[in-house]
Amino acid sequence: MQDVKRFELVIGSANAGRFLDALDTMGLPHRTVIPGIYGQGQQGARGGDPFSTFDNTYVLVAVPPERSEEVVEALRPLLHTFGGMCLVSDAKWVLR
Amino acid sequence: MQDVKRFELVIGSANAGRFLDALDTMGLPHRTVIPGIYGQGQQGARGGDPFSTFDNTYVLVAVPPERSEEVVEALRPLLHTFGGMCLVSDAKWVLR
Amino acid sequence: MQDVKRFELVIGSANAGRFLDALDTMGLPHRTVIPGIYGQGQQGARGGDPFSTFDNTYVLVAVPPERSEEVVEALRPLLHTFGGMCLVSDAKWVLR
Amino acid sequence: MDSSILANLTDAAILFFFLGLFVGAVRSNLEIPAPVAKFLSLYLLMALGFKGGQALSSAGITDDAVKVILIGLLLALVIPALGFAVLRSRINPFDAAAISATYGSVSAVTFIAATQFVADRGDAAGGYLTVALVLMESPAIIMAVLLATWTRARVQADAPSPTGAVTAAVGGVQAVGPAAPVEPTSMPMKAILHEAFTDGAHLLLIGSLVIGAVSGPTGGETMAPFVDGIFKGLLAFFLLEMGLLVARQLREVRDVGPFLVGFGIVMPLVGATLAMTLGTLAGLSVGDKTVLAVLAASASYIVVPAVVRYAIPEARPSRYFTMSLAVTFPFNIVVGIPLYYAVAGWLTT
Amino acid sequence: MDSSILANLTDAAILFFFLGLFVGAVRSNLEIPAPVAKFLSLYLLMALGFKGGQALSSAGITDDAVKVILIGLLLALVIPALGFAVLRSRINPFDAAAISATYGSVSAVTFIAATQFVADRGDAAGGYLTVALVLMESPAIIMAVLLATWTRARVQADAPSPTGAVTAAVGGVQAVGPAAPVEPTSMPMKAILHEAFTDGAHLLLIGSLVIGAVSGPTGGETMAPFVDGIFKGLLAFFLLEMGLLVARQLREVRDVGPFLVGFGIVMPLVGATLAMTLGTLAGLSVGDKTVLAVLAASASYIVVPAVVRYAIPEARPSRYFTMSLAVTFPFNIVVGIPLYYAVAGWLTT
Amino acid sequence: MDSSILANLTDAAILFFFLGLFVGAVRSNLEIPAPVAKFLSLYLLMALGFKGGQALSSAGITDDAVKVILIGLLLALVIPALGFAVLRSRINPFDAAAISATYGSVSAVTFIAATQFVADRGDAAGGYLTVALVLMESPAIIMAVLLATWTRARVQADAPSPTGAVTAAVGGVQAVGPAAPVEPTSMPMKAILHEAFTDGAHLLLIGSLVIGAVSGPTGGETMAPFVDGIFKGLLAFFLLEMGLLVARQLREVRDVGPFLVGFGIVMPLVGATLAMTLGTLAGLSVGDKTVLAVLAASASYIVVPAVVRYAIPEARPSRYFTMSLAVTFPFNIVVGIPLYYAVAGWLTT
Ligand SMILES: Nc1ncnc2c1ncn2[C@@H]1O[C@H](COP(=O)(O)O)[C@@H](O)[C@H]1O
Ligand SMILES: Nc1ncnc2c1ncn2[C@@H]1O[C@H](COP(=O)(O)O)[C@@H](O)[C@H]1O
Ligand SMILES: Nc1ncnc2c1ncn2[C@@H]1O[C@H](COP(=O)(O)O)[C@@H](O)[C@H]1O
Ligand code: NA
Ligand code: NA
Ligand code: NA
């Protein structure tokens, strides 16, 4: 098992592409994505509208610990502009 | 980055409202919600029925560490009555 | 509250049954499952095809810490053959 | 009678139910996406209500309408009481209350299959049967909840850990720490009534009934291709899903022993007999009698579980839900409906 | 006029909207699954475009077509400008720009309800109104974005923290650390135009219009059961969902004070009056005039929010989205459409 | 021929396919919700099977039926063998086996488009072609799996790391630790057969065929509005989704070089030529010949990938899935069907 940092993003589905592009640019294209979810935060209630204008996307990204800082720095301006939540926690990656 | 406690609840969708109300009452209205999911626990298999009578809802709530105890105390009686799973873990909140 | 190990699996939906069977065999039938999700990993982009041939399933399993090793050993060969991600992290289980 | 059963078995919709059973049994990966299955169930309720309302408004409130509704209400009180009386001596009282509610209430999909069946044979039932369906949904729930509350009061004085107890467990292994005794919150009657009457399936059915009655022939015409034209096809699709669901549920039957399986077959027959007797006394038509018998015989797996799951949290869905879905529903669809129809015909001529 | 309103209130589809409102208000658990609701909205756009294209290709480009389109374009420029002029003195400029865009653009579902309404009364509007619908969708967006960009440039010189500021908070409690001042990225105009013109709803509508026009009478016949037959039923279902949505949105109205509620009712009336005047001067038919008024009066809650949510991230959806969805949409559906129709009839005879 | 191609290009359903391609290419946010897309694919299979069964039961087992089915089975054995022979020298054997299976099997949606195409031109194909479709689905899978097993046995003796190797990586960066060599579990043939025959799409198609055959004219009438009426519209919707999907898949084509693209176009032509020759020798009708050619020419992207993804885990979906979906499917839809039809007509007169 290998140490990783586990990034959890909950962001507006409309803006998810920008966050994912930022990660791609950093050479971190691997991710797990759950679209169309509900939430409530600073920007009010989200989710469940038939036009998917205001719902959230959940993104889980495991990154090597040494890149964690860098990822935080890349995501912060996006979070700043578009809102959303970003949590970072520790996990072990099971080698396969 | 700021320390937070990460609460994960997996509860019957029918009862989710009660848990969310309890959090609202405590002044913790922010959350992420994934409805209509599958699971298996003490109460048997859940999910996938067309009447959504017996499926689960996943709720993720990041709370300030100093409120963690209080949240646990508020949720326990609900878990006790309605079943469900509640996990608490540590995370860092990326300031935006 | 009780210590648990939190296993997160992201695996091809077509293979999810094998992973779940392995857990069942070990006497760990409790789990939370989110089917039909998106992802990108070693095996390319997944999710969103109307035939659900190539999408992912997310599985969350809380296991007693003393069984963690054993679970890792049981899942590794499956991860090896079918791909997928497995993360292990620490959490507290709220007694109900 | 035999020929009716056989004819029923070549009905496309019923055949799709069998296809679902078969496909589920061989553990195929076939799956109707849950949101679509849910939509189909809402569609059926909407079409059902709307067509009932249309029939009602065009026929007006006839004598037969009044009779059917009164008989329906009577059955909705007698059947759950009877069920509880039988069950309480054999199983724990919470399960008994929940199962009684299930059998005291009705199944909309079974009702639909029956109305199609009789209409296909030129014995269409009246629009007021949809009203009976609506009215028969709730009394059993309320009765069962009262029974459960009463039981709860008595139990709380006695043993600390009732059947449905949810105890702490991690990963399928009982936790080391001692499980706190369960004290199910007694949900106030007001809240239960609110849940019962604001249940989505229930409201959609009533609302569509009213809209069907109000929107007149013009409304009927514009809605016809949706509520009539594609009805059979969507019903077939939904019965396919029901077959898959029953096959899945049948794998979880360990909580349902021979006694309960027997109950799930005999209780419908008892209910149908009651309905048939009252219907014959009241001089109802073959179609009306058949459908009324089906209402009496059918068990709810939508509205009742939706309310009971939190009104009586101590009861096990693996009993009440499994019995109504995996035993009684297929029994009525395959054997019951043609049987009741044959008997109704025999009683009428 | 009164009788028109009353007749509208017994229309099955409109009644399902009320049912949704009611069911949402009593907080029932009724829910149309989101993927199905989304499909229904795509279906309506597809059917709408296809039928418009068919009508267009069979009638050709008439004088009336040219007039309607020119008037439509004029309104699409005048109404947002007017809206912004009224709003900027009362609320912050980002919200003002977003709300102007919303009211300057159009609502496809309101349009559908109106075309059904006039067609049911023998005054069907021309296929070119669908073209007007398409063309009126975007100008307001571009205008609003320009206004927002201009405001942004001015604001950045001044105060550091505009209204829509997103500040760090954990679990509903403002974070202890100081929130960094928000510097909304100025999204380049090119990107905004791309978003506006590649928006899914927009493209589906245009594409279906073209396909409807190209695929001729044969195409029309084979598609008819889908785009015509079941249209009313699916519209009813979608309006049920809209009712639920409006009921939910009405609970979030704290950001919409009396002034904005008033705006959400008066602005449609102003737009309709403009459209009606121009339409009368141009000698349009009752149906065309009514539907043109509805286009002017309606506010977008699909395409505009879809673009504005990131083109003007400083604006609050709890204002622009709530107003168009929870105030103006029901107003037009219930009162507006029959009112405009009555006035159009009165102006024409 | 040219006019056929042109006529095909104004078919509403085909035009929606192009719309999807276009909308996908400009990276619009248009998305058919996955559960709905899945429902549409199930619907098409159900309607297809049901209508085939109906046609079959009304016509009985004719001489032509027997001929078509025998030719179909022959093709289902020859085409994958041919494909593998061509591919094995150029690409790795696992991919070769998977691609052979794909092209040896058939595409239900292409089949549907073809049957609509010939029926619209008065040359409807027989119901037995649906039987051929069902029978041609599986042989190629079994053949390919045998080939893969055989290859696996040989490979295991040699190199330790075959192509499809999954190695440990975190966040897109190869892990530091050494990746363990992959030892793909050889899935037992019994399990593979189970997967192939219990695949949902496969079972639904067969089941609906049987139900269509059994439920007779009455069943046909009641199901008609669903399986016929709205068929074209739902097909159009589904082809819109297919267009979006193809556009998305085209962005992932790096694993498909010029050789494989060529294969994806030439192989259908070879298959169609074989079918056309045998069909002409057997004296089949224009419609039958065309549709048989389409079966031979089409490549599976539902059933085969569903089985191969775990029966041959070493093969890359980015090859076999992309080729059949993004190269051969559009080729057949746009060029192939009218071409085969023109040739069939020319060979018959
Ligand atoms: N670094 C990662 N972070 C998050 N999810 C991942 C990561 N790597 C793989 N996954 C998920 O695991 C799935 C299977 O991975 P793979 O077998 O590598 O294609 C992917 O489709 C993703 O959903
Ligand atoms: N050990 C576990 N790991 C993951 N999820 C669990 C676990 N135990 C319970 N759950 C989830 O919590 C839901 C409710 O649990 P229960 O009340 O025990 O039936 C289950 O349906 C699962 O989704
Ligand atoms: N404290 C929190 N816990 C869990 N989820 C949150 C929290 N705060 C925000 N979120 C999620 O992040 C989304 C965007 O947050 P915001 O930009 O603050 O509206 C919300 O809709 C929630 O889904
Ligand atoms: Na009953
Ligand atoms: Na407007
Ligand atoms: Na083929």
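Scroll up for the structure.
Residues numbered from 1 in each chain as written. Chains lettered and ligands numbered in written order. Predicted model: local features only at pLDDT ≥ 70, side-chain atom pairs only at ≥ 80, totals over all residues. Heavy atoms only, no water.

1. Overview of the overall build of chain D
To keep it simple, the criterion reads: Every helix listed is a DSSP run of H or I at least four residues long, and every strand listed is a run of E at least two residues long, numbered separately from the N terminus. The cut-offs for exposure are 20% and 50% of the maximum accessible area for each residue type, with area from a 1.4 Å probe on protein chains only; residues under the lower value are buried, those over the upper are exposed, and the others partly exposed. When checking whether two residues touch, look at their non-hydrogen atoms; a contact exists if any pair is within 4.5 Å.
Assigned secondary structure in chain D consists of 16 helices and 2 strands. The burial tally for chain D puts 61% of its 349 residues in the buried class. Of the contacts made within chain D by residues no fewer than 6 positions apart, 89% connect residues no fewer than 24 positions apart.

2. A word on the relation of the copies chain D and chain F
Let me state the cut-off plainly: The copies are overlaid by a least-squares fit using only the C-alpha atoms of residues whose pLDDT is at least 70 in both copies.
Superposing chain D onto chain F requires a rotation of 120 degrees together with a translation of 0.0 Å along the rotation axis, leaving an RMSD of 0.0 Å. The operation mapping one copy onto its partner corresponds to a three-fold rotation axis. Mapped onto chain F, only 12% of the interface residues of chain D are again interface residues, and the two copies thus contact each other with different surfaces.

3. Topic: the coordination of the sodium ion (ligand 4)
Residue and element names in this part refer to chain D. Using the following cut-off: Coordinating N, O and S atoms are those within 2.8 Å of the metal (3.2 Å for Na, K and Ca), and as water is not part of the atoms, a site may appear to have fewer donors than expected.
Note on the sodium ion (ligand 4): its protein donors are Y103 (O), S105 (O), L295 (O), A296 (O) and S298 (O). The metal-donor distances range over 2.4 to 2.8 Å. Of note, the donors binding the sodium ion (ligand 4) are all from one chain and are spaced Y-x1-S-x189-L-A-x1-S. Placement of S105 in the loop between α5 (93-104) and α6 (108-120) and of L295 in helix α14 (residues 286-297) is noted, with a sequence separation of 190 residues between them. Of the two residues, S105 and L295, both sit in the buried class.

4. Focus: the site of ligand 3
The line we're drawing: For this description, a residue counts as near a given molecule or strand if any of its non-hydrogen atoms is within 4 Å of it. As used in this structure description, the phrase polar contact means that two N or O atoms lie within 3.5 Å; if the pair is within protein, one of them must be able to donate a hydrogen and the other to accept it, and residues adjacent in sequence are counted only when both atoms belong to side chains.
Within the structure, ligand 3 sits among 20 residues, and Q42, Q43, N56 and G84 of chain A together with T32 of chain B are positioned closest to it. Near ligand 3, the surrounding residues belong to chains A, B and E. Between an oxygen atom of ligand 3 and a side-chain N or O atom of Q43 of chain A, the distance comes to 2.5 Å. Backbone polar atom of G84 of chain A to an oxygen atom of ligand 3: 2.7 Å apart, as the coordinates give it.

5. What about the nonpolar core?
For clarity, the cut-off: Throughout, nonpolar core names a set of buried Ala, Val, Leu, Ile, Met, Phe, Trp, Tyr and Cys residues whose side chains join them through atoms within 4.5 Å.
Ranked by internal contacts, the top residues of the largest apolar core, which has 376 residues, are M242 of chain D, M242 of chain E together with M242 of chain F. Among the elements that line this core, the one with the most residues is helix α16 (residues 317-348) of chain E, at 14 residues. Not counting residues within four places of it along the chain, the set of residues in contact with M242 of chain E comprises F51 of chain A together with F17, Y301, L325 and F329 of chain E.

6. Describing the interface of chain D and chain F
Here is the rule we go by: As a working definition, buried area equals the accessible area (1.4 Å probe) given up by two parts on being put together, with both sides summed. Charged means Asp, Glu, Lys or Arg here, nonpolar means Ala, Val, Leu, Ile, Met, Phe, Trp, Tyr, Cys or Pro, and polar covers whatever is left, Gly included.
If you look at the interface, chain D gives 25 residues, while chain F gives 25 residues. For the chain D and chain F pair, buried surface summed over both sides reaches about 2100 Å², with 81% attributable to carbon and sulfur atoms. The largest share of the area that chain D buries against chain F comes from F16, N29 and F237 of chain D, three residues that together contribute 24% of it. Taken together, chain D and chain F are joined by 5 residue pairs in polar contact (both at pLDDT 80 or more). Looking at the side of chain D that touches chain F, the elements that each hand over two or more residues are α2 (12-25), α3 (34-59) and α12 (231-250) of chain D. Residue classes in the side of chain D that touches chain F are distributed as 17 nonpolar, 5 polar and 3 charged.

7. As for the pairing of strand β1 (residues 2-12) of chain A
Residue and element names in this part refer to chain A. As a reminder of what qualifies: At least two DSSP bridges between two strands are required for those strands to pair.
The element β1 is largely enclosed, with a buried count of 9 among its 11 residues. One ladder, built from 9 bridges, connects β1 with strand β5 (residues 85-93); its direction is antiparallel. Across the sheet, residue F7 finds its bridge partner in β5, namely V88. One ladder, built from 8 bridges, connects β1 with strand β4 (residues 56-63); its direction is antiparallel. Paired with E8 across the two strands is L60, which belongs to β4.

8. As for the packing of aromatic side chains
The line we're drawing: In this analysis, rings of Phe, Tyr and Trp, with Trp reduced to its six-membered ring, are considered paired at centre separations within 6.5 Å, and the interplanar angle assigns stacked below 30 degrees, edge-to-face beyond 60, and tilted for intermediate values. Charge over a ring is defined by NZ of Lys or CZ of Arg lying within 6 Å of the ring centre and within 35 degrees of the ring normal.
A full pass over the atoms with the stated rule returns 30 aromatic pairs over all chains. Aromatic side chains Y43 of chain D and F231 of chain D sit 6.1 Å apart centroid to centroid with 40 degrees between the ring planes, which places their arrangement in the tilted category. Placement of Y43 of chain D in helix α3 and of F231 of chain D in helix α12 is noted, with a sequence separation of 188 residues between them. Here Y43 of chain D matches F231 of chain D in class, with each residue buried. Three or more aromatic residues joined by ring pairs form one cluster here, namely F39, Y43, F226 and F231 of chain D together with F237 of chain E. When the ring centre of F117 of chain F is taken as origin, the NZ or CZ atom of R121 of chain F, which lies over that ring, is 3.6 Å away.

9. A look at a nonpolar patch on the surface
Residue and element names in this part refer to chain D. Spelled out, the test is: Here the term patch refers to residues with relative accessible area over 30% and no salt bridge, with like charges joined within 9 Å and nonpolar side chains (Val, Leu, Ile, Met, Phe, Trp, Tyr) within 5 Å. Computed with the Shrake-Rupley method and a 1.4 Å probe, the accessible areas treat only the protein chains shown as cover for residues. What makes a salt bridge here is a side-chain nitrogen of Lys or Arg within 4 Å of a carboxyl oxygen of Asp or Glu, nothing more.
A cluster of nonpolar side chains, namely L74, L77, V78, L82, V261, I265, V266, L269, V270 and L274, defines an oily patch on the protein surface of about 690 Å² accessible area. Sorting the residues of the nonpolar patch by element identifies α4 (63-87) and α13 (258-281) as the ones contributing at least two each. Per-element tally for the nonpolar patch: the top contributor is α13, with 6 residues. Structurally, I265 is set in helix α13. A relative accessible area of 31% means that I265 is categorised as partly exposed.

10. Quick notes on the packing of helix α13 (residues 258-281) of chain E against helix α14 (residues 286-297) of chain E
Residue and element names in this part refer to chain E. Definition in use: Here an axis means a line fitted to C-alpha atoms, over the contact stretch when the element is a helix, while the angle between two N-to-C directions is reported on a 0 to 180 degree scale. When the near helix sits turned anticlockwise from the far one by under a right angle, the crossing is termed left-handed; a clockwise turn instead gives a right-handed crossing.
At their nearest, the axes of α13 and α14 sit 7 Å apart, and the two run at 145 degrees to each other. Seen along the crossing, α13 lies across α14 with a hand that is right-handed. Between α13 and α14, the residues in contact are P268, G271, A272, A275, M276, G279 and T280 and K289, L292, A293, A296 and A297, respectively. Residues belonging to the contact of α13 with α14 are distributed by class as follows: 8 nonpolar, 3 polar and 1 charged.

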